[in-house]
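Chain by chain, the residues run as shown.
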Amino acid sequence: MTGSVITGTGSHLPERKVSNDELAADLARQGIETSNEWIVARTGIRQRFLAEKGTTTSTLATAAARAALQDAGLQPQDIDLIIVATSTPDYVFPSTACVVQANLEAPGGAAFDVQAVCSGFVYALTTADALIQAGRAQRALVIGAEVFSRILDWSDRSTCVLFGDGAGAVVLERSDRPGILAANLHADGSQLPILCAAGNVAYGNVVGDPFLRMDGQAVFKLAVNVLTRSAQEASEAAGIPLEDIHWMVPHQANVRILNALARRLGVPTERVVITVDQHANTSAASVPLALDAARRDGRLQAGQNVLMQGVGGGFTWGSVLVRL
Ligand code: UT7
């Protein structure tokens, strides 16, 4: 049966690394009180990377894409589909995927963005897999990239300490060997108010609130519930019991969410890839960043079953179960 396999991964982080102590000192100068102790205890985050002025989502996405192409042994011209998952695009239009395609100097194939906030990468990967299975594409670059630092209210300590910038990418290729084994995507638009950046550009002005707003506790509870159900759904659909899943790579928002998810599923936390301590929450970039980190440090190996999961604004969530 024709399907799609991941043949390369890559990622890219901005140069500027900001520890919790550095961030707390910066915020203290504006009269906002927080601490390394609070951030670590409530979230597990120890540092984040923040993009310099002039670095955009496409800058990070292009660098991650180049790394993934190199890992796959491919040239940009071999790619006939580029999907970028992002909520912080360079422009209203064209899509960030088109900017990446121009940067890679590989015109001709399809290029578009997917907007599913922190579930974006899982949505994009599922879309690319479907297009490949339908014979509409052969080789795709699937990228999650964000500069969330641009949509944070830096006077709101309940959100500004949680996020970072970055990008991760995979090359997905048509193949007869099993790769993507199961996927599910879900949304509940009625939950919009618990996590949103409810502004837009109209008549030359920003209309509404351009900053990210979150009801952290509501998001926390919903995230654990939906991720648990989505993991079970993927495991059943693929006929692969949870104990045969070698690694879980869930969205990296809070180490307490990851621990609660592992506990609910009965999966040892040693089998959950955790990068939120290093990268903070990078929204659509978090899953491919974590995937690439764990592949490059040797944890993830060919032949293993890996469950990637996204959850976030919309509310959206979903899973992709893949054999590497
Ligand atoms: O990627 C999208 C998905 N996003 C998520 O999954 C995030 C889900 N939510 C969470 O991770 C957690 O709910 C948070 C990390 C956002 C918050 O943790 P919490 O344990 O739910 O804390 P809380 O909101 O109940 O706040 C506890 C206290 C409050 O003070 P009082 O009212 O108890 O006096 C806050 O004002 O902590 C205070 N607080 C802070 N203190 C120091 C909130 N932010 C900070 C801060 N530093 N940065």
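Residues numbered from 1 in each chain as written. Predicted model: local features only at pLDDT ≥ 70, side-chain atom pairs only at ≥ 80, totals over all residues. Heavy atoms only, no water.

**Quick look at the side chain of Glu173**
Okay, so step 1: Of note, Glu173 is situated in strand β7 (residues 165-175).
Okay, so step 2: The buried category is assigned to Glu173, whose relative accessible area is 13%.
Okay, so step 3: Here the side chain of Glu173 touches Thr7 through a polar contact of 2.7 Å, side chain to side chain.
Okay, so step 4: If sequence neighbours within four positions are ignored, Glu173 has contacts with Gly3, Ser4, Val5, Thr7, Leu74, Ile132, Gln138 and Arg139. (Helix = DSSP H or I, 4+ residues; strand = E, 2+ residues; numbered from the N terminus. Buried < 20%, exposed > 50% of the residue type's maximum accessible area, 1.4 Å probe, protein only. Polar contact = N/O pair within 3.5 Å; in protein donor to acceptor, adjacent residues only side chain to side chain. Contact = heavy atoms within 4.5 Å.)

**Some thoughts on the packing of helix α3 (residues 57-72) against helix α4 (residues 96-104)**
Okay, so step 1: Packing of α3 against α4 brings their axes to within 9 Å, and their N-to-C directions diverge by 55°. Accordingly, the angle class assigned to the pair α3 and α4 is oblique. Our pair here, α3 against α4, has a crossing hand that is right-handed. Across the interface between the two elements, Thr57, Ser58, Ala61, Thr62, Ala65, Arg66 and Leu69 of α3 pack against Thr96, Val99, Val100, Asn103 and Leu104 of α4.
Okay, so step 2: Taken together, the residues of the contact of α3 with α4 sort by class into six nonpolar, five polar and one charged. (Axes fitted to C-alpha atoms, helices over the stretch in contact; angles between N-to-C directions. Parallel < 35°, antiparallel > 145°, perpendicular 65-115°, else oblique. Left-handed = near helix turned anticlockwise from the far one by under 90°. Nonpolar A, V, L, I, M, F, W, Y, C, P; charged D, E, K, R; others polar.)

**What to know about the pairing of strand β14 (residues 305-312)**
Okay, so step 1: Burial runs high along β14: eight of the eight residues are buried.
Okay, so step 2: Alternating residues of β14 divide into Asn305, Leu307, Gln309 and Val311 and Val306, Met308, Gly310 and Gly312, and every residue in both groups is buried.
Okay, so step 3: Inspection of the sheet shows strand β13 (residues 247-250) paired to β14 by four bridges, in the parallel sense. Its bridge partner lying in β14, Val249 is registered against Met308.
Okay, so step 4: As defined by bridge partners, β14 adjoins strand β15 (residues 316-323) across eight bridges and the pair is classed as antiparallel. (Pairing = 2+ DSSP bridges.)

**Description of the environment of Leu227**
Okay, so step 1: For Leu227, the location among the structural elements is in helix α7 (residues 216-238).
Okay, so step 2: When the C-alpha atoms of Leu227 and Glu33 are compared, they prove to be 32 Å apart, with 194 residues separating the residues in sequence.
Okay, so step 3: If near-sequence neighbours (up to four positions away) are discounted, Leu227 is found in contact with Ile257, Leu261, Gln309, Gly310 and Val311.

**As for the layout of surface pockets**
Okay, so step 1: In this structure, the largest pocket occupies an estimated 850 Å³ of space.
Okay, so step 2: Forming the boundary of the largest pocket are 30 residues, of which Ser87, Thr88, Pro89, Ile151 and Gly199 lie nearest the centre.
Okay, so step 3: Elements supplying a minimum of two residues to the lining of the largest pocket: β9 (195-196) and β10 (199-202).
Okay, so step 4: Ranked by residue count, the leading element in the lining of the largest pocket is β10, at three residues.
Okay, so step 5: Inspection of the lining of the largest pocket shows a minimum of three residues originating in each of domain 1 (3-175) and domain 2 (180-323).
Okay, so step 6: Its boundaries defined by the atoms lining it, the second largest pocket holds a volume of some 700 Å³.
Okay, so step 7: Lining the second largest pocket are 32 residues, and of these Ser158, Leu162, Met214, Gly216 and Asn254 sit closest to its centre.
Okay, so step 8: Of all the secondary structure elements, the ones that give two or more residues to the lining of the second largest pocket are α2 (36-43), α6 (157-160), α7, α8 (255-265) and β14.
Okay, so step 9: Of the residues contributing to the lining of the second largest pocket, the split by class is 16 nonpolar, 10 polar and six charged.
Okay, so step 10: Counting contributing residues, the lining of the second largest pocket receives three or more from each of domain 1 (3-175) and domain 2 (180-323). (1 Å grid on protein atoms, 1.4 Å probe; cavity = no way out; pocket = protein on both sides within 12 Å on 5 of 7 lines; lining within 4 Å. Points joined across faces, edges and corners; volume = space filled by probe spheres on them. Domains from an automatic or database assignment.)

**Focus: the site of the ligand**
Okay, so step 1: In the vicinity of the ligand, 22 residues are found, and the nearest of them are Thr34, Gln217, His251, Asn254 and Asn281.
Okay, so step 2: Between Arg157 and the ligand, the recorded distance is 2.9 Å, taken from a backbone N or O atom to a nitrogen atom.
Okay, so step 3: Gly216 is positioned such that a nitrogen or oxygen atom in its backbone is 3.0 Å from a nitrogen atom of the ligand.
Okay, so step 4: If you tally residues by element for the shell around the ligand, the top one is α7, at four residues.
Okay, so step 5: Among the residues making up the shell around the ligand, the classes are represented as 10 nonpolar, eight polar and four charged.
Okay, so step 6: The residues that make up the shell around the ligand include at least three from each of domain 1 (3-175) and domain 2 (180-323). (Near = heavy atom within 4 Å.)

**Quick word on the domain arrangement of the protein chain**
Okay, so step 1: Along its sequence, the protein chain is organised into domain 1 (3-175) and domain 2 (180-323).
Okay, so step 2: In this structure, domain 1 and domain 2 have C-alpha centres spaced 14 Å apart.
Okay, so step 3: In this complex, domain 1 contributes 51 residues to the contact, which on the side of domain 2 involves 44 residues.
Okay, so step 4: For the pair domain 1 and domain 2, the summed buried area comes to about 3700 Å², and 63% of that belongs to carbon and sulfur atoms.
Okay, so step 5: Per-residue buried area on domain 1 facing domain 2 is highest for Cys118, Val122 and Tyr123; these three make up 16% of the total on that side.
Okay, so step 6: The interface formed by domain 1 and domain 2 contains three salt bridges.
Okay, so step 7: Its salt-bridge partner being Asp153, residue Arg213 comes within 2.9 Å of it at the nearest N-O pair.
Okay, so step 8: In this assembly, domain 1 and domain 2 are joined by 25 residue pairs in polar contact (both at pLDDT 80 or more). (Buried area = accessible area lost by both parts, 1.4 Å probe. Salt bridge = Lys/Arg side-chain N within 4 Å of Asp/Glu carboxyl O.)

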